[in-house]
Amino acid sequence: MNSSSISKIKKPSLNTPRNFTLVLIICFILLGVCVFASLVLGSRLVGLNEVIDGLFHSNIDSYEANVVRKRISRTVFSLLCGAALGVSGALMQAVTRNPIADPSILGVNTGATLFIVCGIAFLNISTANEYIWLALAGSAITAVFVFGIGSMGRSGATPIKLVLAGAATSAALSSLVLAIMIPRSHVMDEFRFWQVGSVGSGNWSSITTFIPFLIIGILIAIISAPALNALALGDDVATGLGVRTGILRLFAAFSAVLLCGAATALAGPIGFVGLLSTHVMRLILGPDLRFVIPMSAISGAIILTISDVVGRLIGSPGELEVGVVTAFIGAPILIILAMRSKVSSL
Amino acid sequence: MKPTHVFQAEEIVAGYDNKTVIQGVSLAIPSNKISVIIGANACGKSTLIKTLSRLIKPISGKITLDGKLISKIPSKQLARILGLLPQSPIVPEGISVADLVGRGRFPHQSLLSGWTKKDYEAVAEAMRIMDITELANNNIDELSGGQRQRVWIAMALAQQTDILFLDEPTTFLDITYQIEILDLLTDLNRKHGTTIVMVLHDINLSARYADYIFALRKGKLIVEGEPSKVITSTLVKDIFGLDCLVIKDPVSGSPFTIPKGRYHVNDE
């Protein structure tokens, strides 16, 4: 091994994507901007002084300071939810080797919604803690179901079949949700509160409920990233590299469901964030999941928080649900991606 | 030079779902040599190499490496000895040559170690052997078929295994690239002592490049040995069911098969 052959390869191209530091700095600046916007903007515009009052002077009890305090928990909550959805999307794409996988497209969100509605209707549940477990069960069952249907037939699980299975399942589950909800007005009220609230319902208690799920989910995601990189080359290559593909898929899917289910339980069904955040990062950083996964958390947080602010501004004096905003931005992008993506089976 | 290994299969039966394809094959891979598996379409060549390289679990029989069942060796540890290039690997969109080759280092890395100097050196060396160092930062989508195949082999080389299985490494390549790939694999074997086991379609290239040939018919190993012993007109008829004339390859001196069809045969 002579040294010239090593020096020919620039180290960064092997290990860290080009411009990674720059991307990281820009992301953190954007994150800061988002947080600031989320604290200041809304149906009531708050000045800088009031923001500082709300943040640092807990003894000042002006109306604006209280608005800011309410917005703090809302902002933290939307950052965490966005991070969870971003990582969940990245994991689902890696596990299914499908560029257009996302919790909402695969119907996993709707599964969680159905279980929560059933919980409200038949079990009389109403706390965040109870929502979470139901949502997780709903997400997990739907994920298995959609993947099972999508893999039927000779060519295995192709992106198109998975998306079709997800859309069909999602439509069927949505109508079930309506069928259960419409005859029961108390369910309707409770459900509307849960769904309309979106990230606006985020308070410190739901944040503390959410954090353990977020940490476990993201930890598993980061640990499995190198093996998922191998899986991206095909199951055969991955096996040759010493990856036990079945166990890896199980773990990664578990953490994807954990993240998406918990986020859905607390914020209501929010679509497309997983898709958007991952693709932005992949476009900038390339396909290395060791970077795409953690960075999707940051881009997911940015996208969801911005969408929430946009929803507040458009819907003023009330607010537009953040899920509606993300769907508006996400749907056209999904169509573009679906047209571009090469059909590859598992 | 790579160490010597004893890699054996004992009475393996393997297949898919309920269909058995390999019906009781026993063999020992000659260490530090190039072995080629030949046979007609659907004879089980691919299934055999997949079973040997642990992509398919055998229904019965034993596959051992240095006396240990390969199913009992931890998967990452096994991946440091036994490498594999399957027939149709997947290229992630937008991946660079260096990134793809670097993924071959997976079995050598642990969660905490990250990229070590050894990893960089292994990747650089693999790219140098396959002569793709200049392409390191290129996108795989921009490469020709021959260059792509060199990148994949480099990925398998970066894994630094003593044994390398390749399932039809020359398929879809034109003749120049086929020779180039086979020459590079021969370099690897002669300079580093890597044991190579591959499936090839072309019987003449098999005869030229193999030290040892395994011939399959209908899931059974019917003959094995050096090319001069295996490639005779009688045995080729047995293996492929084709009449042919076997002459001495004027370039390499290895056996050269000339097929006889129903047309274009001169009367003597």
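Just so we're clear, the structure is a prediction, and the values are computed from it rather than from any experiment.

Counting its regular elements, chain B contains 9 helices and 12 strands. For chain B, the residues scored as buried account for 51% of the 268 residues in total. The contacts of chain B with a sequence gap of at least 6 include a subset with a gap of at least 24, amounting to 66%. Accessible surface, chain B as shown: approximately 12,500 Å² in total, 50% of it carbon and sulfur. Positive and negative side-chain charges in chain B, numbering 30 and 29 respectively, have mean positions lying 7 Å apart.

Further remarks concern the sheet that holds strand S6 (residues 82–85) of chain B. All names here are of chain B. Read from one edge to the other, the open sheet built from 6 strands follows the order S6-S7-S8-S3-S9-S10, with strand pairing classed as mixed. Only two strands of the sheet have a single partner each, and these edge strands are S6 and strand S10 (220–225). Looking at each pair of strands side by side, their axes are set apart by 15° on average, direction ignored. Sheet topology note: the strand S3 (residues 34–39)/strand S8 (residues 195–199) ladder contains 4 bridges and is parallel. If you follow Ile37 over to S8, its bridge partner there is Val199.

Going through the model one piece at a time under the given rule, you end up with 0 disulfides over all chains. Take Cys81(A): it sits in no disulfide, and the sulfur closest to it among the cysteines is that of Cys260(A), at 10 Å.

Okay, the UniProt feature "domain: ABC transporter" (unreviewed entry) in chain B next. According to UniProt, the "domain: ABC transporter" (unreviewed entry) feature falls on residues 7–243 of chain B. Its end C-alpha atoms 34 Å apart, residues 7–243 of chain B is made of 35% helix and 26% strand.

Once that is clear, we can look at the interface of chain A and chain B. Interfaces are often described in size by the accessible area the parts lose on coming together. Taken together, the contact between chain A and chain B spans 33 residues of the former and 40 residues of the latter. For the pair chain A and chain B, the summed buried area comes to about 3,200 Å², and 66% of that belongs to carbon and sulfur atoms. Seen at the junction of chain A and chain B, the total is 0 salt bridges. At the level of secondary structure, the elements contributing two or more residues to the side of chain A that touches chain B comprise helix H1 (3–8), helix H2 (11–14), helix H10 (204–231) and helix H11 (235–240) of chain A.

All names here are of chain B. Where burial is concerned, most of strand S7 (residues 163–167) is hidden: 5 out of the 5 residues are buried. Pairing between S7 and S8: 5 bridges, direction parallel. Following the sheet pairing, Ile163 is matched in S8 by Thr195. After leaving S7, the chain enters helix H6 (residues 175–192) and then returns to the sheet as S8, a path that is right-handed.

Tallied over the full model, the rule gives 6 aromatic pairs over all chains. Centre to centre, the rings of Phe77(A) and Phe210(A) are 6.2 Å apart; their planes meet at 65°, and the pair counts as edge-to-face. Of this pair, Phe77(A) sits in helix H5 (residues 63–96) while Phe210(A) sits in helix H10, and the two are 133 residues apart along the sequence. Taking the relative accessible area as the measure of exposure, Phe210(A) reaches 1% and is therefore buried. Look at Trp133(A) and Phe213(A): their rings are 5.5 Å apart centre to centre, the planes differ by 65°, and that puts the pair in the edge-to-face class. You can see Trp133(A) sitting in helix H7 (residues 128–150) and its partner Phe213(A) sitting in helix H10, a full 80 residues away along the chain. Among the residues examined, Trp133(A) registers a relative accessible area of 57% and is labelled exposed. Above the face of the Phe106(B) ring, Lys76(B) is positioned so that its terminal group lies 4.6 Å from the ring centre.

What follows covers the environment of Leu241(A). Relative to the helices and strands, Leu241(A) is located in the loop between H11 and helix H12 (245–267). Residues Leu241(A) and Leu231(A), spaced 10 residues apart in sequence, show a C-alpha to C-alpha distance of 9.3 Å. Not counting residues within four places of it along the chain, the set of residues in contact with Leu241(A) comprises Ala230(A), Ala79(B), Arg103(B), Gly104(B), Phe106(B), Pro107(B), Met155(B) and Gln159(B).

Residues and elements named next belong to chain B. Within the open sheet, the 4 strands sit side by side as S2-S1-S4-S5. Their pairing is antiparallel. Single-partner strands in this sheet number two, and they are strand S2 (19–29) and strand S5 (68–69). Where strand S4 (residues 60–65) and S5 come together, 2 bridges link them in antiparallel fashion. Bridge assignment links Thr64 to a residue of S5, and that residue is Leu69. Sitting on the sheet, helix H1 (residues 45–52) is in contact with strand S1 (7–16), S2 and S4, with an inclination near 120° to S1.

All names here are of chain A. Over its 16 residues, helix H6 (residues 108–123) extends 21 Å from the first C-alpha to the last, a length consistent with the 22 Å expected when each residue adds 1.5 Å. Counting buried positions along H6 yields 12 of 16 residues, so the element is predominantly enclosed. Taken as a whole, H6 has its buried residues at Val108, Asn109, Thr110, Gly111, Ala112, Thr113, Leu114, Ile116, Val117, Gly119, Ile120 and Ala121. Taken from the residues just after H6, Asn124 is the one with a positive phi, measuring 60°.

What counts and how
- Residues numbered from 1 in each chain as written.
- Chains lettered and ligands numbered in written order.
- Predicted model: local features only at pLDDT ≥ 70, side-chain atom pairs only at ≥ 80, totals over all residues.
- Heavy atoms only, no water.
- Helix = DSSP H or I, 4+ residues; strand = E, 2+ residues; numbered from the N terminus.
- Buried < 20%, exposed > 50% of the residue type's maximum accessible area, 1.4 Å probe, protein only.
- Contact = heavy atoms within 4.5 Å.
- Areas by Shrake-Rupley, 256 points an atom, 1.4 Å probe, with all protein chains shown as cover.
- Lys, Arg positive; Asp, Glu negative; His and termini not counted.
- Charge placed at Lys NZ, Arg CZ, Asp CG, Glu CD.
- Pairing = 2+ DSSP bridges.
- Axes fitted to C-alpha atoms, helices over the stretch in contact; angles between N-to-C directions.
- Disulfide = S-S within 2.5 Å.
- UniProt positions renumbered as here; feature names shortened; annotations may be inferred.
- Buried area = accessible area lost by both parts, 1.4 Å probe.
- Salt bridge = Lys/Arg side-chain N within 4 Å of Asp/Glu carboxyl O.
- Right-handed = clockwise from strand over helix to strand, strands pointing away.
- Phe/Tyr/Trp six-rings, centres within 6.5 Å; stacked < 30°, edge-to-face > 60°.
- Lys NZ or Arg CZ within 6 Å of the ring centre and 35° of its normal.
- Expected span 1.5 Å × (residues − 1).

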